[in-house]
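So you can see what is in the structure, the chains are spelled out below.
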Amino acid sequence: MKPLLRAALLGVLISVTTACQAESETAKKPAEAPQVQAAAVTVAKAADAVKAENPFVRAVPPGQPNSAAFMVLSNGSAVAHQVVSATSPVANTVELHTHTNNNGVMEMRQIPQIDVPANGKAELAPGGLHIMLIELRQELKAGESVAVTLTFEDGSTTVVDAPIKEVTPPMGGMKHH
Ligand SMILES: [Cu+2]
């Protein structure tokens, strides 16, 4: 290649690259501002979008170490939400659990989150999803109620006041792990 031609090509290359950079820099700035504004308007707290319906906690006799809370989580928004943890003053440890059928034996296991689909429900019921109350600090008498605090994926929280009820254990009992 002749030196003159090479210099000319190099010149073209440099001018193309700088033009591209200049273009993308200016293109970025006006696009960012409206996006941030739209997000602030449409994003609602998960705790406001998800309602806990018909909550209850299983009554247990004194000396029983564990119990569970059940409810229907109803998501009225077009965004999926997740319960990522729960706490309660009546238990030392609170975990999110599900039941799985392991070769005919129903077993409970901890799960990292409970999904509440957009415009949908998550049903926590005996034999299925539940909030496990482990190492109870007190007797859970039917007729009283228990506060259960749910924490969602965005850090927002809901306190659910769950009445204590007598619940017949599901088939397979309460085998833990
Ligand atoms: Cu459990």
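So, a few notes on the structure that sits alongside this text. A quick note: this is a predicted structure, and the numbers were derived from the prediction, not measured.

## Things to note about the environment of alanine 49
Okay, so step 1: With respect to the helices and strands, the residue alanine 49 is situated in helix α2 (residues 46-49).
Okay, so step 2: Along the sequence, alanine 49 and asparagine 75 sit 26 residues apart, while their C-alpha atoms lie 5.7 Å from each other.
Okay, so step 3: With residues near it in sequence (within four places) discarded, alanine 49 still touches Ala44, Asn75, Gly76, Ser77, Val79 and His81.

## Description of unusual backbone geometry
Okay, so step 1: Residues other than glycine seldom take positive phi values, yet asparagine 54 does so here, at roughly 45°.
Okay, so step 2: For asparagine 54, the location among the structural elements is in strand β1 (residues 50-58).
Okay, so step 3: Even without being a glycine, asparagine 103 presents a positive backbone phi close to 50°.
Okay, so step 4: Assessed through the 5 C-beta atoms surrounding it within 10 Å, asparagine 103 is described here as exposed.

## Here we look at the nonpolar core
Okay, so step 1: Judged by nonpolar contacts, the single largest core of 33 residues is most densely connected at Ala69, Val83, Ile131, Leu133, Val146, Val148 and Ala162.
Okay, so step 2: A per-element tally of this core places strand β2 (residues 67-75) first, with five residues.
Okay, so step 3: With residues up to four places along the chain from it excluded, the contact list for valine 148 reads Ala69, Ala86, Ser88, Ile131, Val160 and Ala162.

## What about the pairing of strand β5 (residues 105-110)?
Okay, so step 1: Relative to β5, strand β4 (residues 91-102) runs antiparallel, the two being bridged by six bridges. Pairing of asparagine 102 across the sheet is with valine 105, part of β5.
Okay, so step 2: Connecting β4 to the next strand, β5, in antiparallel fashion are two residues, including asparagine 103 with a positive phi near 50°.

Here is what the cut-offs are and how they apply
- Residues numbered from 1 in each chain as written.
- Predicted model: local features only at pLDDT ≥ 70, side-chain atom pairs only at ≥ 80, totals over all residues.
- Helix = DSSP H or I, 4+ residues; strand = E, 2+ residues; numbered from the N terminus.
- Contact = placed C-beta atoms within 7 Å.
- Buried ≥ 20, exposed ≤ 12 C-beta atoms within 10 Å, placed from the backbone.
- Core = buried A, V, L, I, M, F, W, Y, C linked by C-beta atoms within 7 Å.
- Pairing = 2+ DSSP bridges.

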